[in-house]
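Overview (structure and organization)
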Amino acid sequence: MPDLVGLQSALFFETPEEIYGRVFRELKPRTSAPDLRVEFCRFANADSFIRLENGRLDVRISDLLAGAPAPVMEALAHILLGKLYRKPVARRYAHRYRLYLNRRDVRRQAELVRQIRGRKFISGPRGEHYALDEIFEDLNQRFFEGLMGRPQLGWSRQRSRSMLGHLDPSDNAIIISRILDQSHVPRLALDYVMFHEMLHIRSPVVLHGSRRRVHTKGFRDAVQQFT
């Protein structure tokens, strides 16, 4: 029977390269492990990347994770290598990684880093056909008794069809897709997207362990107010 205590203890003394090498051998036991380089980078968020180029695996990890416990680094290795080689990732690794990112201290640090390092483009509220500040204030009076503080408002760089709007808490900004800033788009459609994002300000994300609940029951009930 394997010495599980010994294996778990060894994990805490592995370098990041050793962790990735071990996970690689677990996923591809019949393939010789390539050269590995793990680098912690000053990203504006907790993103991590992996690529295989010229026979070498390059792993770039946000320095937000530089102090993460070894089991979290192991979980990320399974996630990145599994994605690269199209291998299924055990649920325990995804759960472990999400649980760490959802820790209050980690989320606070991530938001602080995004504010310091992020260079988010915010165009301002005035578009070619619609003014987001006017729409916000109209909805504020109709649905929020005029009590909601106005965040930064802007149009996206691209005319995205997949993301019509989003709230960025780090920059306190609502960004609306520029595809809605067209004369043939009815004002009602833009009102609804803005109202949806305003609700996200009033109803923040709820955390349950490793899961993030963005659209809670209270949020869904509030959406029904829109007419």
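Every chain's residues receive numbers from 1 upward, in the order its sequence appears when written. Where totals are concerned, whole chains, interfaces and linings use all residues; where local detail is concerned, this predicted model gives features only for residues with pLDDT of at least 70, and gives and counts side-chain atom pairs only at 80 or more. Here the side-chain values reflect all heavy atoms present in the structure, with hydrogen atoms and water set aside.

Here we come to unusual backbone geometry. We note that Asn-54 has phi near 55 degrees; this positive angle belongs to a residue other than glycine. In this text, helices come from DSSP runs of H or I with a minimum length of four residues, and strands from runs of E with a minimum of two, each type numbered from the N-terminal end. By the secondary structure assignment, Asn-54 is in the loop between strand E2 (48–53) and strand E3 (56–62). Think of it in three bands: with a 1.4 Å probe and only protein chains considered, a residue is buried below 20% of the maximum accessible area for its type, exposed above 50%, and partly exposed in between. Judged by its relative accessible area of 77%, Asn-54 falls in the exposed class. One non-glycine residue, Glu-145, adopts positive backbone phi at about 55 degrees. Structurally, the position occupied by Glu-145 is in the loop between helix H6 (132–143) and strand E4 (152–155). For Glu-145, a relative accessible area of 66% puts it in the exposed group.

The strands making up a sheet are joined through hydrogen bonds of the backbone, oriented either antiparallel or parallel. A pair of strands counts as paired when DSSP detects no fewer than two bridges linking them. Read across the sheet, three strands follow the order E1-E3-E2 without closing on themselves; strand pairing throughout is mixed. Sheet topology places strand E1 (35–41) and E2 at the edges, where each strand pairs with a single neighbour. Shown here is a sheet whose adjacent strand axes are inclined to one another by a mean of 15 degrees, direction ignored. Two elements, E2 and E3, share six bridges in a ladder whose sense is antiparallel. Its bridge partner lying in E3, Leu-52 is registered against Leu-57. Contacts are assigned to residue pairs with any non-hydrogen atoms lying within 4.5 Å of each other. To obtain an axis, a line is fitted to C-alpha atoms, over the contacting stretch when the element is a helix, and the angle between two such axes runs from 0 to 180 degrees between their N-to-C directions. Along the sheet, helix H2 (residues 16–27) makes contact with E1 and E3, crossing E1 at roughly 130 degrees. Together, E1, E2 and E3 form the strand contacts of helix H3 (residues 70–84), whose direction differs from that of E2 by roughly 50 degrees.

Here we take up the packing of aromatic side chains. Two descriptors summarise a pair of aromatic rings, namely the distance from one centre to the other and the angle between the planes of the rings. Any two of the Phe, Tyr and Trp rings considered here, Trp counted by its six-membered ring, make a pair once their centres fall within 6.5 Å; the pair's planes then place it as stacked at under 30 degrees, edge-to-face at over 60, or tilted in between. What the rule picks out here adds up to four aromatic pairs. Aromatic pair Phe-43 and Phe-49: ring centres 5.6 Å apart, planes at 90 degrees, arrangement edge-to-face. The exposure class assigned to Phe-49 is partly exposed, which follows from its relative accessible area of 44%. On the numbers, 4.7 Å between centres and 50 degrees between planes, the contact of Phe-143 with Phe-195 is tilted.

The next subject is the environment of Pro-71. With respect to the helices and strands, the residue Pro-71 is situated in helix H3. Among the residues examined, Pro-71 registers a relative accessible area of 22% and is labelled partly exposed. Through-space distance from the C-alpha of Pro-71 to that of Tyr-93 is 8.8 Å; in sequence the pair is 22 residues apart.

Orientation of H2 relative to H3, taken along the N-to-C sense of each, is 50 degrees, at an axis distance of 9 Å. With respect to their mutual orientation, H2 and H3 come out oblique. As for the relative orientation of H2 and H3, their crossing is right-handed in sense. Between H2, through Ile-19, Tyr-20, Arg-22, Val-23, Phe-24, Glu-26 and Leu-27, and H3, the contact on the second element is made entirely by Ala-70, Met-73, Glu-74, Leu-76, Ala-77, His-78, Leu-80, Leu-81 and Gly-82. The class makeup of the residues in the contact of H2 with H3 is 11 nonpolar, two polar and three charged. What sets the label is the angle itself: under 35 degrees gives roughly parallel, over 145 gives roughly antiparallel, 65 to 115 gives roughly perpendicular, and the rest give oblique. Less than a right angle of anticlockwise turn of the near helix away from the far helix marks a crossing as left-handed, whereas a clockwise turn marks it as right-handed. Residues are grouped as follows: Ala, Val, Leu, Ile, Met, Phe, Trp, Tyr, Cys and Pro are nonpolar; Asp, Glu, Lys and Arg are charged; all remaining types, including Gly, are polar.

So, on to helix H4 (residues 91–101). Turning to H4, its buried residues are Tyr-93, Tyr-97 and Tyr-100. Looking straight down H4, one finds its buried side chains confined to an arc of 65 degrees; they lie on one side. Within H4, the exposed residues directed more than 90 degrees away from the buried face are Arg-91 and Arg-92. Residues of H4 that are buried make contact with H3 and helix H5 (104–117). Here the arc refers to the directions that run from the helix axis out to each C-beta atom.

At a minimum axis separation of 8 Å, H3 and H4 run at an interaxial angle of 125 degrees. Compared by their axis directions, H3 and H4 come out oblique. Between H3 and H4 the crossing geometry is left-handed. Where H3 abuts H4, its residues Pro-71, Val-72, Glu-74, Ala-75, Leu-76, His-78 and Ile-79 lie against Tyr-93, Ala-94, Arg-96, Tyr-97 and Tyr-100.

Moving on: the side chain of Asp-58. Looking at the secondary structure, you find Asp-58 in strand E3. Polar contact is defined as a pair of N or O atoms within 3.5 Å, subject to the rule that within protein one atom must be able to donate a hydrogen and the other to accept it, and that residues adjacent in sequence are counted only when both atoms are side-chain atoms. A polar contact is formed between the side chain of Asp-58 and the side chain of Arg-37, at a distance of 3.2 Å. Apart from residues no more than four positions distant in its own chain, Asp-58 is found in contact with Arg-37, Phe-49, Ile-50 and Arg-51.

Don't take any of this as a statement about function, it's just geometry.
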